[in-house]
Each structure stands twice: as C-alpha cells, then as structure tokens.
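Below are the chains, spelled out letter by letter.
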Amino acid sequence: SVIPLPQWLESRLPGWVPSPPAWATIVQVEHLASPSDRAREVAVKVLFDNLFFQAPFLTCYFVVTGFLEGLSPAAVYHKTQTNFHAA
C-alpha cells in the first residue's frame with residue numbers, strides 16, 4: 001500500500017522527484033526465510049568454518065604464540081601438535 005505525502009510536502013518537492021507511487025514500486029520487501037532455511041544456512045556456515053578456517057587459523061595462532069614465547073621451531077611444532085591436532 002502506498003502512503004501519500006502530505007499536500008504541503010508534495011508541493012515543495014522539485015519536479016524531478018518521482019511521485020510516491022513510483023517510490024513504492026522501487027522498494028521491495030524481502031520476506032523472512034523459514035526457520036528450516038535459516039537452520040540450514042547456519043549448519044552450512046558452521047561446517048565451512050570447521051573445515052576450511054578453524055584448523056589453518058588456529059595453527060597459525062599456535063605458531064605465532066609459540067614464537068612469541070621464545071620457543072624453538074621444533075618446540076612450537078610439538079606444542080601445536082599436542083595442544084591442537086591431537087585433540
């Protein structure tokens with residue numbers, strides 16, 4: 001439904017501004033997805049996060065923190081394997 005503009009406002013608009021019915025055709029209302037669609041979207045996001053992002057970023061985190069702790073590369077590798085990859 002189109003809500004008309006008050007007459008005093010419509011008379012003050014420049015000539016190039018479209019009328020309210022034209023505005024209403026430009027705006028589209030996005031319908032909310034069903035709960036099953038939202039659940040599927042969340043499940044796919046969790047799956048992709050666990051498969052493609054969690055392991056590489058946590059490995060980089062453990063490597064960086066190991067080097068910041070002053071550990072040798074062998075100790076960093078051992079700590080990363082023990083704390084993350086074996087779990």
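Up top you'll find the structure we're talking about.
Position numbers for residues start from 1 in each chain and track the written sequence from start to end. Whole-chain, interface and lining totals are the exception, using all residues; otherwise, since this is a predicted model, local features are given only for residues with pLDDT of at least 70 and side-chain atom pairs are given and counted only at 80 or more. The side-chain numbers reported here are obtained from all heavy atoms of the structure, hydrogens and water having been left aside.

Before going further, it helps to examine a nonpolar patch on the surface. Only residues whose relative accessible area exceeds 30% and that form no salt bridge enter a patch; like-charged residues are grouped when within 9 Å of one another, and nonpolar side chains (Val, Leu, Ile, Met, Phe, Trp, Tyr) when within 5 Å. All accessible-area figures derive from a Shrake-Rupley calculation using a 1.4 Å probe, and residue coverage is judged against the displayed protein chains alone. The salt bridge criterion pairs a side-chain nitrogen of Lys or Arg with a carboxyl oxygen of Asp or Glu, the two atoms within 4 Å. On the surface, V44, L47, F48, L51, F52, F53 and F57 cluster together into a nonpolar patch covering about 720 Å² of accessible area. On the secondary structure map, F57 appears in helix 3 (residues 35–68). Strands here are runs of E lasting at least two residues and helices are runs of H or I lasting at least four, both read from the DSSP assignment and numbered beginning at the N terminus.

Two measures describe an aromatic ring pair: the distance that separates the ring centres and the angle between the ring planes. Note on aromatic contacts: the rings of Phe and Tyr and the six-membered ring of Trp form a pair at centre separations within 6.5 Å, being stacked when their planes are under 30 degrees apart, edge-to-face when over 60 apart, and tilted otherwise. In this structure the tally under the stated criterion is three aromatic pairs. Ring geometry for F48 versus F52: centroids 5.4 Å apart, planes at 45°, classification tilted. Here F48 pairs with F52, and both are found in helix 3, just four residues apart, close to one helical turn.

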